[in-house]
Amino acid sequence: MRIALVTESATSVAWSDRLAASLAEHEFVRLSPSDAEPRRVAPPLGGRRRRAALAAYGELVRALVDARAAAGFAPALYALAEAGRAGGLPALLRSGAAVRTLEQAWLGSASAIAAGPGDAGVPLVQDVLVAADLLEQALRPLSLSWYGTRGALAGVDVCHVVGGAPSVLAALAAKRLLGLPMLLTEHSLHLRERYRGYRESRYRRPVRALLLAFHRLLAGEAYAQAGVITPGSAFDQRWQEYCGAQRERIRVVYEATPLADEPPVGTEPERPILAWLGPIEPSGGLESMLRAFALVREEVPTAVLRVHGEAPVGAAGYEAHCRALAKHLFDSAPDAVSFDGTPLRLRSVYEHATVLVFSGSEGVRPQLLAASQLSGRPLVATDAGAAREVLGPTGLLVPVGEPAPLAAACAALLGDEERRARLGHAGRLRAQELYAVEPAIDAFRALYLELAAELPAPAPEPDSQPFARPAEYWVGAFPKGVPAR
């Protein structure tokens, strides 16, 4: 079977490489929209095709800005895919005609009219220009050269998407134009990450709303068209179902990690050390951890807190606040807390820790939790995201944003060596079971066959039909050229 693996991020590429190496019986074609060579310069769309493409673009924009027109998103998207196949779509979307179409559809929407002039939600001219550029970039996968008879997807049996919007858009176009079945793998939900990322976006509110509507409707269409959807956890499955995915199409496949074969870290450090991991931003929960650690020090005066993480763009003020809070809380013991930045190797964090702590309010990637469990160290985590599913009974879960329970859990583990060893060992065994490579490989092997079985069989050549001629014809009983029928 020939399978196209469409990926974007380096993490997805590494995962895809492991998958392809483990399924040597199949031929894999690795593709990335960001690395694809641009289509040869095509003549600009003209006449009827130009008018049809602009009309489809207008319908797509109306679907983004008016909830009553959302049903028109998919037909408009596929009409643009047809135009992109012919060539000339990127040039058209950068043209003044496309900008005018965007402006008319946007400013004429019910939401813009209801808001009235001066409202922060009404798009300005600068918003129209910015949105036109961003939409043109977002729609570029529709113009790839993959979809032709000699394109990269020619002869492919299944299109497996592991990535975000560009890869999903390319797979949707492949299904529409070539009839390829689509398998969608989401290790980190793209739509959820978009909502998180646009909180601190530099774009004005109307542009953010337009882009989020695009990603929301694109995710809904991807869930509707995918033959199989494979989230990395049951927690992500619930998100997908909330966004419209049908439960019968979903198969939870935990993200396999080669770390399952690595040995656990060695002996614990002599001094009790809590290693905190996460982004230094409000959702990371560092302030709650610092306040909890002040309570821990009352029971374990020799304990040390190592902060591993850095502030994302826009969160420098929060990091300064946390550093000031640490200085205030531990003024008499300045070496009690250290800010060690992002580690080059997570294993070095595990080696120099007694207990690993995750205190964020938005949950930790299951892969990171599993890697931490595989170290053999015990974990304390807030009950958010997939933590309950991944840790099960092998870790201590505490409420989000409450320092007292967090401190109690950390102090309990620091004071009980036997319990640390027991939970650490149990957590490692659980992670090895859930995130082993073999179950994931077996799952995708079966899913590929399931999707390929849904393809229509090609029409056979007349002489290749097994009972089209009597058996004597094939063994030379009839002279060549003499009809056997």
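Residues numbered from 1 in each chain as written. Predicted model: local features only at pLDDT ≥ 70, side-chain atom pairs only at ≥ 80, totals over all residues. Heavy atoms only, no water.

Some thoughts on the pattern of salt bridges
Applying the stated criterion across every chain yields a total of 20 salt bridges. Among the ionic pairs, Arg-204 bridges to Asp-127, the shortest N-O distance being 2.3 Å. Of this pair, Arg-204 sits in the loop between α9 (190-197) and α10 (205-225) while Asp-127 sits in helix α7 (residues 125-138), and the two are 77 residues apart along the sequence. Using a relative accessible area of 28% as the deciding quantity, one classes Arg-204 as partly exposed. The partner of Asp-442 in a salt bridge is Arg-445, with the nearest N and O atoms 2.9 Å apart. Taken together, the positions of Asp-442 and Arg-445, both in helix α19 (residues 437-452) and three residues apart, correspond to about one turn of that helix. For Asp-442, a relative accessible area of 45% translates into the label partly exposed. The structure contains a network of salt bridges with shared partners spanning Glu-25, Asp-442 and Arg-445. (Salt bridge = Lys/Arg side-chain N within 4 Å of Asp/Glu carboxyl O. Helix = DSSP H or I, 4+ residues; strand = E, 2+ residues; numbered from the N terminus. Buried < 20%, exposed > 50% of the residue type's maximum accessible area, 1.4 Å probe, protein only.)

Description of the environment of Leu-329
When you line up the elements, Leu-329 lands in helix α13 (residues 316-329). You can call Leu-329 partly exposed: its relative accessible area is 31%. Linking Leu-329 and Ala-294, residues 35 residues apart in sequence, is a C-alpha distance of 6.8 Å. Apart from the residues within four sequence positions on either side, Leu-329 is in contact with Leu-290, Arg-291 and Ala-294. (Contact = heavy atoms within 4.5 Å.)

Focus: the pairing of strand β3 (residues 158-162)
Here is the key point about a regular strand: its side chains alternate between the two faces of the sheet. Within β3, five of the five residues are buried, which leaves it mostly tucked inside the rest of the structure. Because side chains alternate across β3, one face comprises the buried residues Val-158, His-160 and Val-162, and the other comprises Cys-159 and Val-161, equally buried. The sheet contact formed by strand β1 (residues 2-7) and β3 spans five bridges and is parallel. When the sheet's bridge partners are listed, Val-6 is paired in β3 with Val-161. With four bridges joining them, β3 and strand β4 (residues 182-186) adopt parallel strand pairing. Residue pairing across strands places Val-162 opposite Thr-185, the latter belonging to β4. This β-α-β element, β3 to helix α8 (residues 165-178) to β4, shows right-handed connectivity. (Pairing = 2+ DSSP bridges. Right-handed = clockwise from strand over helix to strand, strands pointing away.)

Some thoughts on the pairing of strand β10 (residues 379-382)
Along β10, one buried face is formed by Leu-379 and Ala-381 and the opposite face, lined by Val-380 and Thr-382, is buried too. The β-α-β motif built from strand β9 (residues 355-358), the intervening helix α15 (residues 366-374) and the parallel element β10 has right-handed crossover chirality. Taken together, the three bridges between β10 and strand β11 (residues 396-398) define a ladder with parallel strand orientation. What sits directly across from Ala-381, in β11, is Leu-397.

Thoughts on the sheet that holds strand β5 (residues 228-231)
Paired through their backbone hydrogen bonds, the strands of a sheet run either parallel or antiparallel. Spatial ordering of the open sheet is given by β2-β1-β3-β4-β5, a layout of five strands whose pairing is parallel. Each edge of the open sheet is held by one strand with a lone partner, namely β2 (27-31) and β5. Within this sheet the neighbouring strands show an average axis-to-axis angle of 20°, counted without direction. Across the face of the sheet, helix α11 (residues 234-242) comes into contact with β4 and β5 while running at roughly 135° to β5. Sheet strands touched by α19: β1, β2, β3, β4 and β5. Its angle to β4, the strand with the most contacts, is close to 150°. (Axes fitted to C-alpha atoms, helices over the stretch in contact; angles between N-to-C directions.)

Re α7
Across its 14 residues, α7 extends 20 Å between first and last C-alpha, which sits within 8% of the 20 Å expected from 1.5 Å per residue. Inspection of α7 places Asp-127, Val-128, Ala-131, Ala-132, Leu-134, Leu-135 and Glu-136 among the buried residues, and these make up the whole buried set. Among the structural elements, α2 (47-65), α4 (89-93), α5 (96-107) and α10 are those in contact with the buried residues of α7. (Expected span 1.5 Å × (residues − 1).)

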